[in-house]
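Chains, contacts and geometry: an overview
So the chains spell out like this:
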Number of protein chains: 2
Amino acid sequence: MTDATTAAPPLVHEVLAAVLQVRQGSLRVLLWERAMEPHAHRWSLPGGRLRADEDVETSIRRQLAEKVDVRQVSHVEQLAVFSAPDRVPGPRAVATAFLCLVPSHMDPELPEDTAWQPVSTLPDTAFDHGAIVLRARNRLRAKLSYTNIGFALAPPVFTISALRSLYSAALGYRVSATNLQRVLSRRGLLEPTGGTARPGRAGGRPAAQFRFADSTMAVTDPFAVLKPPAQERGR
Amino acid sequence: MTDATTAAPPLVHEVLAAVLQVRQGSLRVLLWERAMEPHAHRWSLPGGRLRADEDVETSIRRQLAEKVDVRQVSHVEQLAVFSAPDRVPGPRAVATAFLCLVPSHMDPELPEDTAWQPVSTLPDTAFDHGAIVLRARNRLRAKLSYTNIGFALAPPVFTISALRSLYSAALGYRVSATNLQRVLSRRGLLEPTGGTARPGRAGGRPAAQFRFADSTMAVTDPFAVLKPPAQERGR
């Protein structure tokens, strides 16, 4: 038995990016409005066809660069393959979708056809792009609970109050600042910078500033008792 | 700007399964020995080309069925896309790889060319299949720490001692039975069946039997304090 007996017609492979950022208090996704058919005037994820000389990671970074300054993208990971036979009209295309994050203090210049759309009230989306956005949102929400991925949403330095707003926007419900600080500190994810933020117009005590201890994604709460003493933790 | 400006030659899409099981005290993967070139006599993952009328999940289940009774597969999830331009000789093929698990008490009939090979000492593997196996192993190890995925490796009913052996084999180091029971119980993953196992030849007290409370994968330790009271947790 070989693996070449089930011939199938060739197809195209495309890569798509769900680029998420917390902006103006809500979780948003970078979409562009299609000028031409198919699905003219609907909103699409950035991306396009995989070239002969690149892998999917190289391809998504190249294609993202047409929409946004990729140096401002803090995290890129494969999300899932979308492969329903009829997901796009015309020749069959299988898509590798990525989850990408931009920290909240970045404000990249965008092309005219492109905008940050709220994930909770998306405009009309093209093809299966709406489903891809929701999958990306769900992956982000899950990873906020068991990894340090918050580093990729936050600016380099922040108050607990600001971080609470970011987590609340991404998770879709109000998080307690006290609990957030306790959990992240206990896991060793946060460290104080020693500095304080200027008091707001309301005055009051200046708030302590923090940063994430690490900006490489890691699972942050594996069964501690199951870990060997000095072994690396992986995804 | 449209997403059709970067034309690329068509390619084939294949699906591959890294089917893992704990057998004879070690983590093993289902591989078949190639009879023909390319890479004759090297060991391959089950899989093959995506057909025109199926998505990748449908395809991997169909192709797995040629090697193993798929009713004995307890868990299937997308692992990653492997897309290096030169990953296979001949026409370009992009692969969607899956992580699949078979519980330890199953002993599926296998075709003659197929065997359970130890992940820690793989035979010569074809193409990038060795790298895919290691990625699958790493995903399993990570998920053992933050999900209930142990249900997919274990038989329906087991003693803590037996479960400890499974976790130890999958993780690659010796886990403490006491700690394992404490952590899994605290998270509500384990429940006693009320029954006991027959004592072994050494005699002694009969051991209590347990089962997993759930056999649908879930993240089992999100930041509890960040969760809304009654919201579903998902990946």
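Here is what the cut-offs are and how they apply
- Residues numbered from 1 in each chain as written.
- Chains lettered and ligands numbered in written order.
- Predicted model: local features only at pLDDT ≥ 70, side-chain atom pairs only at ≥ 80, totals over all residues.
- Heavy atoms only, no water.
- Helix = DSSP H or I, 4+ residues; strand = E, 2+ residues; numbered from the N terminus.
- Buried < 20%, exposed > 50% of the residue type's maximum accessible area, 1.4 Å probe, protein only.
- Contact = heavy atoms within 4.5 Å.
- Areas by Shrake-Rupley, 256 points an atom, 1.4 Å probe, with all protein chains shown as cover.
- Phe/Tyr/Trp six-rings, centres within 6.5 Å; stacked < 30°, edge-to-face > 60°.
- Axes fitted to C-alpha atoms, helices over the stretch in contact; angles between N-to-C directions.
- Parallel < 35°, antiparallel > 145°, perpendicular 65-115°, else oblique.
- Nonpolar A, V, L, I, M, F, W, Y, C, P; charged D, E, K, R; others polar.
- UniProt positions renumbered as here; feature names shortened; annotations may be inferred.
- Salt bridge = Lys/Arg side-chain N within 4 Å of Asp/Glu carboxyl O.
- Lys, Arg positive; Asp, Glu negative; His and termini not counted.
- Polar contact = N/O pair within 3.5 Å; in protein donor to acceptor, adjacent residues only side chain to side chain.
- Pairing = 2+ DSSP bridges.
- pLDDT = per-residue confidence, 0-100.
- Expected span 1.5 Å × (residues − 1).

As recorded by an unreviewed UniProt entry, chain A carries the name ADP-ribose pyrophosphatase YjhB, NUDIX family and is attributed to Actinokineospora diospyrosa.

1. Observations concerning the overall build of chain A
When you go through chain A residue by residue, the secondary structure sums to four helices and ten strands. Order of helices (α) and strands (β) in chain A, N terminus to C terminus: β-β-β-β-α-β-β-β-α-β-α-α-β-β. Within chain A, buried positions represent 53% of all 235 residues. Here the contacts in chain A between residues at least 6 apart in sequence split such that 65% fall between residues at least 24 apart. By element, 49% of the accessible surface of chain A is carried by carbon and sulfur atoms, the whole surface being about 10700 Å².

2. Re the packing of aromatic side chains
Residues and elements named next belong to chain A. In the structure shown here, the tally under the stated rule is three aromatic pairs over all chains. Geometrically, the ring pair formed by Phe 158 and Phe 212 is tilted, given 5.5 Å between the ring centres and 50° between the ring planes. Note that Phe 158 is positioned in strand β8 (residues 158–159) and Phe 212 in strand β10 (residues 208–212), a separation of 54 residues in sequence. Exposure class is identical for Phe 158 and Phe 212. Each is buried.

3. A closer look at the packing of helix α3 (residues 160–171) of chain B against helix α4 (residues 177–186) of chain B
Residue and element names in this part refer to chain B. Viewed as axis vectors pointing N to C, α3 and α4 meet at an angle of 95°, and their least axial separation amounts to 9 Å. It follows that α3 is roughly perpendicular to α4 by the angle criterion. For the pair formed by α3 and α4, the contact residues are Ile 160, Leu 163, Arg 164 and Tyr 167 on the first element and Ala 177, Leu 180, Gln 181 and Leu 184 on the second. Of the residues contributing to the contact of α3 with α4, the split by class is six nonpolar, one polar and one charged.

4. Concerning the UniProt feature "domain: Nudix hydrolase" (unreviewed entry) in chain A
Listed under "domain: Nudix hydrolase" (unreviewed entry) in the UniProt record, and renumbered for this structure, are residues 11–140 of chain A. Taken as a whole, residues 11–140 of chain A contains 16% helix and 36% strand, while its terminal C-alpha atoms sit 30 Å from one another.

5. Observations concerning the pattern of salt bridges
All names here are of chain A. Under the definition given, this model contains 18 salt bridges over all chains. Close ionic contact of Lys 67 with Asp 113 constitutes a salt bridge, the shortest N to O distance being 3.2 Å. In this pair, Lys 67 is assigned in the loop between α1 (56–64) and β5 (75–82) and Asp 113 in the loop between β6 (93–101) and β7 (114–118), connecting sequence segments 46 residues apart. As far as burial versus exposure is concerned, Lys 67 and Asp 113 are alike and both buried. Connected via shared salt-bridge partners are Glu 14, Arg 87 and Asp 128.

6. Some thoughts on the side chain of Arg92(B)
Tracing the backbone through its elements, the reader meets Arg92(B) in the loop between β5 (75–82) and β6 (93–101). Lacking a salt bridge, the buried Arg92(B) has Asp53(A) as its closest oppositely charged neighbour, with an N-O distance of 6.6 Å. Reaching out from Arg92(B), the side chain makes a polar contact with the backbone oxygen of Glu54(A) at a distance of 2.7 Å. If near-sequence neighbours (up to four positions away) are discounted, Arg92(B) is found in contact with Leu50(A), Arg51(A), Ala52(A), Asp53(A), Glu54(A), Asp55(A), Leu11(B), Val12(B), Ser83(B), Ala84(B) and Pro85(B).

7. Structural notes on the sheet that holds strand β10 (residues 208–212) of chain B
All names here are of chain B. Reading across from one edge, β8-β10-β9 is the order of the three strands in this open sheet, with antiparallel pairing throughout. Edge positions in the sheet fall to β8 (158–159) and β9 (190–196), since each of these pairs with one other strand and no more. For β8 and β10, the ladder comprises two bridges, and the chain directions are antiparallel. Bridging across to β10, Phe 158 finds its partner in Phe 210.

8. Quick word on the confidence of the model for chain A
All names here are of chain A. Here chain A shows a mean pLDDT of 89. Residues at 70 or above account for 89%. When pLDDT is averaged over each helix and strand of chain A, the minimum, 90, is found for helix α4 (residues 177–186) and the maximum, 98, for strand β3 (residues 43–44). Long-range and interchain partners of residues 1–6, a stretch whose pLDDT sits below 50, account for 15 contacts in this model, where long-range means more than four residues apart. Of the two predicted TM-score estimates for the complex, the pTM is 0.90 and the ipTM is 0.88.

9. Describing helix α2 (residues 129–146) of chain B
The end-to-end C-alpha distance of α2(B), which contains 18 residues, comes to 26 Å, matching closely the 26 Å that a straight helix rising 1.5 Å per residue would cover. Along α2(B), the positions that sit buried rather than exposed are His129(B), Gly130(B), Ile132(B), Val133(B), Ala136(B), Arg139(B), Leu140(B), Ala142(B), Lys143(B), Leu144(B), Ser145(B) and Tyr146(B).

10. As for the environment of Leu110(B)
Residues and elements named next belong to chain B. Position of Leu 110 among the secondary structure elements: in the loop between β6 and β7 (114–118). For Leu 110, a relative accessible area of 29% translates into the label partly exposed. Residues Leu 110 and Ser 185 lie 75 residues apart in sequence; the distance between their C-alpha atoms is 36 Å. With residues near it in sequence (within four places) discarded, Leu 110 still touches Leu 30, Lys 67, Val 68, Ala 115 and Trp 116.

11. Notes on unusual backbone geometry
Note: most peptide bonds trans; most residues except glycine with negative phi. Note the cis peptide between Glu37(A) and Pro38(A), where omega equals 0°. A positive phi angle, close to 50°, is found at Gln24(B), a residue other than glycine. A relative accessible area of 71% means that Gln24(B) is categorised as exposed. Of note in this structure, Phe127(B) is not a glycine but carries a positive phi near 50°. Within the element layout of this structure, Phe127(B) appears in the loop between β7 and α2.

12. What to know about the sheet that holds β10(A)
Residue and element names in this part refer to chain A. Read from one edge of the open sheet, three strands run β8-β10-β9, paired in antiparallel fashion. One side of each edge strand has no neighbouring strand; the edge strands of this open sheet are β8 and β9 (190–196). Relative to β10, β9 is paired through four bridges, and the arrangement is antiparallel. Within β10, the position partnered with Leu 190 by the bridge is Phe 212.

13. Digging into helix α3 (residues 160–171) of chain A
Residues and elements named next belong to chain A. Compared with an ideal rise of 1.5 Å per residue, which puts twelve residues at 16 Å, α3 spans 16 Å between its outermost C-alpha atoms and is within 8% of the ideal. In terms of burial, α3 is a largely internal element, nine of the twelve residues being buried. Of the positions making up α3, those classed as buried are Ile 160, Leu 163, Arg 164, Leu 166, Tyr 167, Ser 168, Ala 169, Ala 170 and Leu 171. Note on α3: the residue one or two positions beyond its end, Gly 172, has a positive phi of about 85°.

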